[in-house]
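Reading the structure
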Amino acid sequence: MRPEFFLARQQLRMRWKQTLVSVLSVAVGVMILTAALSLTNGFESDMVDKILGTTPHISLKPGLEDRMANYPVVQRQLERHPEIKATVPLLKEQALIRNPVHTTGTLVYGIRPADAEKVMKRYLQRGILDGKQASVVVGSELAKKLQLFMGDDVQIITVHGTSDFRVTGTFHSGLYELDARIVLMPLDQTQQIYQAGDQINEIFVQLKDVFSAPVLAKTLQGDQPTLYVRTWMDSNQSLLSAMALEKKVIFLVILFIIIVAMMGIANTQVMIVMEKTVDIGILRALGASRGQIGRVFLTQGMLIGVSGVVLGALLGVGCSLYLSVFPVRIPGDIYDLDYLPVKMEILDFVWVAGSSLVITVLASFFPARRAVRTDPIETLRRHI
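Let me sum up the structure you'll find in this document. Throughout, residues of each chain are indexed from 1 in the direction in which the sequence is written. Where local features are concerned, this predicted model is filtered to residues with pLDDT of at least 70; where side-chain atom pairs are given and counted, the filter is 80 or more; whole-chain, interface and lining totals use all residues. Excluding hydrogens and water, the side-chain values take into account all heavy atoms of the structure.

**Thoughts on the overall build of the protein chain**
Let me state the cut-off plainly: Helix numbering and strand numbering both begin at the N terminus, where a helix is a DSSP run of H or I of at least 4 residues and a strand a DSSP run of E of at least 2. The buried label goes to any residue with under 20% of its type's maximum accessible area, the exposed label to any with over 50%, and the partly exposed label to all in between, with areas taken from a 1.4 Å probe on protein chains only. The Shrake-Rupley method, run with a 1.4 Å probe sphere, supplies the accessible areas, and residue values consider only the shown protein chains as cover.
The helix and strand inventory of the protein chain stands at 16 helices and 10 strands. Each of the 384 residues in the protein chain was classed as buried or not, and the buried ones make up 46%. Roughly 20300 Å² of accessible area belongs to the protein chain as shown, and the carbon and sulfur atoms make up 61% of that amount.

In structure tokens:
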């Protein structure tokens, strides 16, 4: 065992109460930071999951023309790519929806009932999109706004006229903007009221791996130069950037709390240096080098940091697991979540542990520097 490590350990044992407080201050900071990042990851994952469930992973739209008539050919070409899970033709148009009480703007999604069942089944709250009658499925928030119920009649008003439809279902995506605006309608009926013939204006592409979208989009753009190709990341860039910024802010704010705790560790070690001035002078007189004296205090900081980081990481994992098994309930009508979602990521724990350990060692640098500058002759002369 190196003498520096032995002296550092003995000093920490002798002052075990201060050592315990220092270790706990680091551990609590690490635990709070890891738990906060796990909650942030949970919110981000939940939001991305909702986005991916209701928006295309890749969308293809006409470039120069408003609509495309050769979409079956394009679909067959797209389905040759093994990364693509499904392709769905859509006709998206603006409209007004009206019942005897309210009128509001909406975005009509013309989609085949079989495709709606395939790509949006998990979000259909009740009912189905019935292609055998003039039916619509409305978003949950839109249904609340217009006070619509199953079987109610509504009117869809377009530039081509007014058409009567019956509400045969509702869907809930979890994204307010979609739930408050979207109306699903059978594709053939949408084409009829908008006089679009057998044309669409978007192909919804669903991927097996959503994160392969940017690479595949470049390939598809080369294969379909007359179409405009856009990924889900492009469509939601501002939201994804905001979530990434939020995570960084949380990391920095709580990291500052850890830095404050490290200042307490530095202050404790400075007091140790002042109390042990004679001992340091004796060690120097007996032949201990400046480097050895400095390494004693740096080793103390390292031991406190490693102990606090390991304990804090374990507490952070425990806290995250507890919140996963026994989730905290929140008002679902306000936050559109029934509980706090949690998602732990190894990389977050690595960043937190590394940052905390570096800060702890840096907090020990000033006391170590002060101890190194101790003059053994002057120290012994003053205390003899």
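**Looking at helix α8 (residues 213-223)**
This is how the line gets drawn: The arc under discussion is defined with respect to the helix axis, by the directions toward the C-beta atoms. Every residue pair with non-hydrogen atoms within 4.5 Å of one another is taken to be in contact.
Regarding α8, the residues found buried are A213, L216, A217 and L220. The buried residues of α8 all sit within an arc of 105° when viewed along its axis, so they share a single face. Every exposed residue of α8 that faces more than 90 degrees away from the buried side is listed here: V215, K218 and G222. The inward-facing, buried residues of α8 contact β1 (58-62), α3 (71-78), β2 (84-98), β9 (202-207), β10 (227-231) and α9 (232-235).

**Let's talk about the nonpolar core**
Operational definition: As used here, the term nonpolar core means buried Ala, Val, Leu, Ile, Met, Phe, Trp, Tyr and Cys residues forming a set that is joined through side-chain atoms within 4.5 Å.
With 25 residues, the main nonpolar core has I58, L60, L78, I203, V205 and L207 as its most contacted residues. Mapped onto this core, the elements with two or more residues apiece are α2 (16-54), β1, α3, β2, β9, α8 and β10. When near neighbours in sequence (up to four residues on either side) are disregarded, V205 contacts P56, H57, I58, L60, L78, I84, A86 and T87. Judged by nonpolar contacts, the second largest core, of 18 residues, contains F171, L178, I182 and L184.

**Overview of the pattern of salt bridges**
Proximity of charged atoms lets side chains of opposite charge pair with each other. Selection criterion: The salt bridge criterion pairs a side-chain nitrogen of Lys or Arg with a carboxyl oxygen of Asp or Glu, the two atoms within 4 Å.
Within this structure, the stated rule accounts for 5 salt bridges. The salt bridge partner of E141 is K144, with a shortest N-O separation of 3.8 Å. Pair noted here: E141 and K144 are both in helix α5 (residues 140-146), with a separation of 3 residues, about one helical turn. The class for E141 is partly exposed, based on a relative accessible area of 22%.

**What to know about the side chain of S59**
Structurally, S59 can be placed in strand β1. Those residues in contact with S59 that sit more than four places away from it in its chain are E202, I203, Y228, V229 and R230.

**So, the pairing of β1**
Heads up, the condition is: Note on pairing: DSSP must find at least two bridges between two strands before they are called paired.
Of all 5 residues in β1, 4 are buried, a share of seventy percent or more. Of the pairings in the sheet, the one linking β1 to β9 comprises 3 bridges and is antiparallel in character. Opposite I58, over in β9, you have V205 as the bridge partner. Of the pairings in the sheet, the one linking β1 to β10 comprises 5 bridges and is antiparallel in character. By the bridge assignment, L60 is partnered in β10 with V229.

**Side note on a nonpolar patch on the surface**
Spelled out, the test is: In this scheme, patches are assembled from residues that exceed 30% relative accessible area and form no salt bridge. Like charges are connected within 9 Å, while nonpolar side chains (Val, Leu, Ile, Met, Phe, Trp, Tyr) are connected within 5 Å.
A surface patch of nonpolar side chains, amounting to about 450 Å² of accessible area, comprises W16, L20, L24, L311 and L315. Listing elements by their share of the nonpolar patch, those giving two or more residues are α2 and α12 (290-325). Along the polypeptide, L24 turns up in helix α2.

**Description of unusual backbone geometry**
At Q147, a residue that is not glycine, the phi angle is positive and equals roughly 55°. Residue placement: Q147 occurs in the loop between α5 and β6 (153-158). Despite not being glycine, Q195 shows a phi value in the positive range, around 50°. Residue classification places Q195 among the exposed residues on the basis of a relative accessible area of 56%.

**Some words on the packing of aromatic side chains**
Which entries qualify depends on this criterion: Ring pairs are drawn from Phe, Tyr and Trp, using the six-membered ring of Trp, whenever the two centres fall within 6.5 Å, and their geometry is named by plane angle: stacked under 30 degrees, edge-to-face over 60, tilted for the rest.
For the coordinates displayed, the defined rule picks out 2 aromatic pairs. Centroid distance F211 to W232: 6.1 Å. Interplanar angle 70°. Geometry classified as edge-to-face. Linking F211 in the loop between β9 and α8 with W232 in helix α9, this pair joins segments that are 21 residues apart in sequence. Note on F211: relative accessible area 59%, which makes it exposed. Using a relative accessible area of 2% as the deciding quantity, one classes W232 as buried. Pairing Y322 with F326 gives two aromatic rings, centres 5.3 Å apart and planes at 40°, and the pair type is tilted. Exposure class is identical for Y322 and F326. Each is exposed.

**Side note on the environment of L96**
Residue placement: L96 occurs in strand β2. Spatially, the C-alpha atom of L96 lies 5.6 Å from that of T106, the residues being 10 residues apart in sequence. Beyond its immediate chain neighbours, meaning those up to four positions away, L96 contacts T103, T104, G105, T106, Q155, I156 and I157.

**Observations regarding the packing of α2 against helix α14 (residues 346-363)**
Applied cut-off: Note on definitions: angles span 0 to 180 degrees between N-to-C directions of axes, and those axes are lines fitted to C-alpha atoms, for helices only across the stretch in contact. Any angle from 65 to 115 degrees is called roughly perpendicular, while one under 35 is roughly parallel, one over 145 is roughly antiparallel, and all others are oblique. Crossing chirality is assigned from the near helix's rotation relative to the far helix, an anticlockwise turn below a right angle marking it left-handed and a clockwise turn marking it right-handed. Under the scheme applied here, ten amino acids are nonpolar (Ala, Val, Leu, Ile, Met, Phe, Trp, Tyr, Cys and Pro), four are charged (Asp, Glu, Lys and Arg), and all others, including Gly, are polar.
Two elements in contact, α2 and α14, have axes whose closest approach is 10 Å; the angle formed by their N-to-C orientations is 150°. Classed by the angle they form, the pair α2 and α14 counts as roughly antiparallel. Here α2 and α14 pass one another in a crossing that is right-handed. The segment α2 lies against α14, with V26, V30, L33, T34, L37, S38 and N41 engaging D348, F349, V352, S356 and T360. Residues belonging to the contact of α2 with α14 are distributed by class as follows: 6 nonpolar, 5 polar and 1 charged.

**Regarding the pairing of β6**
Sheet analysis places β2 next to β6, joined by 3 bridges and oriented antiparallel. Paired with L96 across the bridge in β6 is I157. Between β6 and strand β7 (residues 161-171), which follow one another and run antiparallel, lie 2 residues.

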